[in-house]
Amino acid sequence: TPFDHYTTSDLDPGIGPFRIKIESFECSKAHLAQLDKELDNLYVEAQLMEQGCEVGLPTRTGYTSFRTHCRWSELLYFHHQSYCDLPRDAEVRASLMWLSGPGQHTELGSASLRLFSKKGRLKTGRKKLLLKLSPLLSPPPAGADP
């Protein structure tokens, strides 16, 4: 046949642990101006999820500062999970975090990405995720007292 089909169990475990690349975060300063603080020490924390439950330990990028965008361009490794062991409903939850003070980690927003298509194929390539803002950054409902 002209096509070869493989399942995740057919993958060579020697490929190494599951990994994703966090490239950048872009946003208008108006969205983040509500904090009325300089946004230094931003990082992305990624967590593998299965059926809404966390799988293993999260991993994260290094720190960076926000100007008009943040650029990490870092590979994040999930050392406890290989490609061949990923469940079909696996997803990655990525959270934009801010080290707002000594020992204070504040989530600014998060996004999720399902790792497999509806046909069960592992998604590859660049993906742009829409960040769901945390209540800290969400505008108040219309008619609410400031």
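Residues numbered from 1 in each chain as written. Predicted model: local features only at pLDDT ≥ 70, side-chain atom pairs only at ≥ 80, totals over all residues. Heavy atoms only, no water.

A few points about the overall build of the chain
- A tally of helices and strands in the chain yields 1 helix and 7 strands.
- Looking at the 146 residues of the chain, the share that counts as buried comes to 31%.
- Here the analysis covers contacts within the chain between residues at least 6 apart in sequence; of these, 64% occur between residues at least 24 apart.
- Put simply, the chain shows about 10,000 Å² of open surface, and 52% of that area lies on carbon and sulfur atoms. (Helix = DSSP H or I, 4+ residues; strand = E, 2+ residues; numbered from the N terminus. Buried < 20%, exposed > 50% of the residue type's maximum accessible area, 1.4 Å probe, protein only. Contact = heavy atoms within 4.5 Å. Areas by Shrake-Rupley, 256 points an atom, 1.4 Å probe, with all protein chains shown as cover.)

Digging into unusual backbone geometry
- In this structure, Gln 51 is a non-glycine residue whose phi angle is positive, near 50°.
- Along the chain, Gln 51 turns up in the loop between strand S2 (42-50) and strand S3 (53-60).

Some thoughts on the nonpolar core
- Among the nonpolar cores identified, the biggest contains 24 residues, and Phe 18, Ile 20, Leu 42, Trp 72, Leu 86 and Leu 115 are the most heavily contacted of them.
- The set of elements that each furnish at least two residues to this core consists of strand S1 (17-26), S2, strand S4 (69-82) and strand S5 (91-101). (Core = buried A, V, L, I, M, F, W, Y, C linked by side-chain atoms within 4.5 Å.)

A few points about the environment of Gly 56
- Tracing the backbone through its elements, the reader meets Gly 56 in strand S3.
- Residue Gly 56 is classed as partly exposed on the basis of its relative accessible area of 43%.
- Excluding its chain neighbours within four sequence positions, the residues that come into contact with Gly 56 are Gln 47 and His 80.

A few points about the packing of aromatic side chains
- Summed over all chains, the structure comprises 3 aromatic pairs.
- Consider the rings of Phe 18 and Tyr 83, whose centres lie 5.4 Å apart with planes at 75°: the pair is edge-to-face. Of the two residues, Phe 18 is situated in strand S1 and Tyr 83 in the loop between S4 and S5; the sequence distance between them amounts to 65 residues. For the pair shown, Phe 18 and Tyr 83 are each scored as buried.
- Ring centres 5.3 Å apart and planes at 80° place the aromatic pair Tyr 43 and Tyr 63 in the edge-to-face group. Taken as a pair, Tyr 43 in strand S2 and Tyr 63 in the loop between S3 and S4 lie far apart in primary sequence, 20 residues in all.
- What makes Tyr 63 partly exposed here is its relative accessible area of 42%.
- Counting every residue linked through ring pairs, the aromatic cluster contains Phe 18, Phe 78 and Tyr 83.
- Sitting over the face of the ring of Tyr 43, Arg 60 holds its NZ or CZ atom 4.5 Å from the ring centroid. (Phe/Tyr/Trp six-rings, centres within 6.5 Å; stacked < 30°, edge-to-face > 60°. Lys NZ or Arg CZ within 6 Å of the ring centre and 35° of its normal.)

Topic: the sheet that holds strand S6 (residues 104-114)
- In spatial order, the strands read S3-S2-S5-S6-S7; together these 5 strands make up an open sheet with antiparallel pairing. Strand pairing shows two members of the sheet lacking a second neighbour, S3 and strand S7 (132-133), which therefore form its edges.
- Sheet analysis places S2 next to S5, joined by 8 bridges and oriented antiparallel. Within S5, the position partnered with Met 49 by the bridge is Glu 91. (Pairing = 2+ DSSP bridges.)

Some words on the confidence of the model for the chain
- Averaged over every residue, the pLDDT of the chain is 79; residues scoring 70 or more account for 72%.
- Taking the mean pLDDT of every element in the chain, the minimum, 61, falls on helix H1 (residues 29-32) and the maximum, 93, on S2. (pLDDT = per-residue confidence, 0-100.)

Considerations on the pattern of salt bridges
- Applying the stated criterion across every chain yields a total of 3 salt bridges.
- Taking the shortest distance from any N to any O, the salt bridge between Arg 71 and Glu 23 comes out at 2.8 Å. Residue Arg 71 is located in strand S4, and its partner Glu 23 is located in strand S1; the two are separated by 48 residues in the primary sequence.
- Residue classification places Arg 71 among the partly exposed residues on the basis of a relative accessible area of 46%.
- A relative accessible area of 24% means that Glu 23 is categorised as partly exposed.
- The shortest N-O distance in the salt bridge between Glu 107 and Arg 93 comes to 3.3 Å. Of the two residues, Glu 107 is situated in strand S6 and Arg 93 in strand S5; the sequence distance between them amounts to 14 residues.
- Residue Glu 107 is classed as partly exposed on the basis of its relative accessible area, which comes to 28%. (Salt bridge = Lys/Arg side-chain N within 4 Å of Asp/Glu carboxyl O.)

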